[in-house]
Amino acid sequence: MQFQRIVTGKIKSDLYYDLIELFSGLFLAGFLGMHLIFESSIIAGKKVFNNLSQTLDENYLALAGISLVVVVFFIHFLTAGRRIPTRCKEQKIIWHHTGRLRHLNTWAWVLQIITGIIILILGSIHMWVVVTDRPIKAETSALRIQSGYLWFYVILLLLSVVHAGIGIYRQFIKWGWFPRKPLGYVIGFISIFFILLGFTALFTFLRAGGL
Amino acid sequence: MKNRELTLNIFRYDPNIPGREPYMQPYSLQETEGMTIFIALNQIRENQDPSLKFDFVCRAAICGSCGMLVNGRPRLACKTLTRDLPEVITLMPLPVFKLIGDLSVDTGSWFRQLSIKTGAWVHSDKSFNPNCQEERMSNETALKIYEAERCIECGCCIAGCATANIRDDFLGAAGLYKIARFMVDPRDERPEEKYFDVVSSEEGVFGCLGLMACEDNCPMELPLQVQLAYVRRKMALIGFRV
């Protein structure tokens, strides 16, 4: 071992980074699922949505939840983002490699990096809008979607679910918790379910009249 | 499908000739029954171009010398049948390893470095007594070690790995597989933290992105995902202990 490694001692940072990436990712994926389920309460009606939102607010769950998500969101960016090939040379190699190899999981990783970067931007905007426009009400949510920002939510929904799906798949593969093939199918089906759920909620907001 | 006229586009480059740029050279040849890429390459070298460089030894998927990119994917030339491929076949050398020329790469130096870095031998303080009986090992353990020794070091997993392509110091699936072999060997007396030092960094198991191109391109069809996950879990456990 070299001098600089001996004097700095045992470095466990790579293990900790990996675990923080894992748990922050799982937390965010779990949050995304909850978010989409809560949000789809609009399908059951404006009243149900508002009641749910009010309950969460009264118990400070919304405040605690949103603050925690904002913090974990950026922690996840810092830990998972360290893996992104940032140098020009590296990116050139990766594109060349991925194009040549025609390997589904390698493409999924490239897609995850791209979706991750876009989510960082769109997710930050989304969080800012929600935080500055509290409390969450069916009326204000519907207004945002009806005032021409539907595309924003469609893109964010698709990217988040795809990103979370690929992320969970890869983590479970890395830690060897499930066999690959069935895991891929299960995560695929769950992702499609959440995308459909999200679309139905968006459609309901879009159609919500008399606001 | 009989008697197809194959076109092999082969990467040509000699790093020893200054000023020479790499290029792709097409060769045509008639497909024969049971033809492998290895047979096709030998025919080209014999009948068309004696200057073509490529490696082979055993032609039976044992020595791991003839790894190359067949239509972009790492394969053993001797194990790849032309009948499973389209009429136009592209052959390129494996990335990551030092290019000797054309399709020939030096996997040997890379694997030697790997062995030195990971200490890929049984570490023991016991002195050898030729008059004593050998220590016995359970059949289960022996089979485990045997399974972990099936790697032929062809380098296909390394060539398919995105991390290995951009990080020269990454151990890759072959390296972590090698480590797993010594972890299950009871004769190896290395304390756990020794393994941790070697494997638990971005150069080792925590640099793995889990893309599984190693497993999907392994000519020996080794259970790399299972082994890599085993090393990862073990390293996490050791990490919290040491």
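Refer to the structure printed above.
Quick caveat, the model's predicted, so the values are computed rather than measured.

K.L.:
Could you give an account of the layout of surface pockets, naming the residues involved and the relevant values?
P.N.:
If you roll a probe as big as a water molecule over the atoms, it shows you where there is empty space left. Counted as a void, the second largest pocket has a volume near 840 Å³. For the second largest pocket, the lining is made up of 28 residues, of which Met1, Gln2 and Arg5 of chain A together with Asp197 and Val198 of chain B are closest to its centre. Looking at the lining of the second largest pocket, the elements that each hand over two or more residues are helix H1 (3–7) and helix H2 (13–39) of chain A together with helix H2 (107–118) and helix H7 (192–199) of chain B. Element by element, the count of residues in the lining of the second largest pocket is highest for H7 of chain B, at five residues. A breakdown of the residues in the lining of the second largest pocket according to their chemical character gives nine nonpolar, nine polar and 10 charged.

K.L.:
Which residues make up the sheet that holds strand S2 (residues 23–30) of chain B, and what are the values?
P.N.:
Residues and elements named next belong to chain B. The five strands are arranged S2-S1-S5-S3-S4 in an open sheet whose pairing can be described as mixed. Edge strands, defined here as strands with exactly one partner in the open sheet, are S2 and strand S4 (73–76). On average, each strand axis in the sheet is tilted by 35 degrees relative to the strand beside it, whichever way the strands run. Bridge count between strand S3 (residues 67–70) and strand S5 (residues 88–92): two bridges; the pairing is antiparallel. The residue of S5 that forms the bridge with leucine 69 is methionine 92. Contacting strand S1 (5–12), S2, S3 and S5, helix H1 (residues 37–47) runs over the sheet at an angle of about 100 degrees to S2.

K.L.:
Now, about helix H5 (residues 88–101) of chain A: what can you tell me, with residues and values included?
P.N.:
Residue and element names in this part refer to chain A. Helix length check: H5 (14 residues) gives 20 Å between terminal C-alpha atoms against 20 Å at 1.5 Å per residue, within 8%. Taken together, the buried positions of H5 are occupied by Glu90, Ile94, His97, Thr98, Arg100 and Leu101. Buried residues along H5 cover an arc of 165 degrees about the axis, so they all sit on one side. Residues Cys88, Lys92 and His96 are exposed on H5 and point more than 90 degrees away from its buried face. Trailing H5 by a residue or two, arginine 102 shows a phi angle of about 45 degrees, which is positive.

The rules we used
- Residues numbered from 1 in each chain as written.
- Chains lettered and ligands numbered in written order.
- Predicted model: local features only at pLDDT ≥ 70, side-chain atom pairs only at ≥ 80, totals over all residues.
- Heavy atoms only, no water.
- 1 Å grid on protein atoms, 1.4 Å probe; cavity = no way out; pocket = protein on both sides within 12 Å on 5 of 7 lines; lining within 4 Å.
- Points joined across faces, edges and corners; volume = space filled by probe spheres on them.
- Helix = DSSP H or I, 4+ residues; strand = E, 2+ residues; numbered from the N terminus.
- Nonpolar A, V, L, I, M, F, W, Y, C, P; charged D, E, K, R; others polar.
- Pairing = 2+ DSSP bridges.
- Axes fitted to C-alpha atoms, helices over the stretch in contact; angles between N-to-C directions.
- Contact = heavy atoms within 4.5 Å.
- Expected span 1.5 Å × (residues − 1).
- Buried < 20%, exposed > 50% of the residue type's maximum accessible area, 1.4 Å probe, protein only.
- Arc of directions from axis to C-beta.

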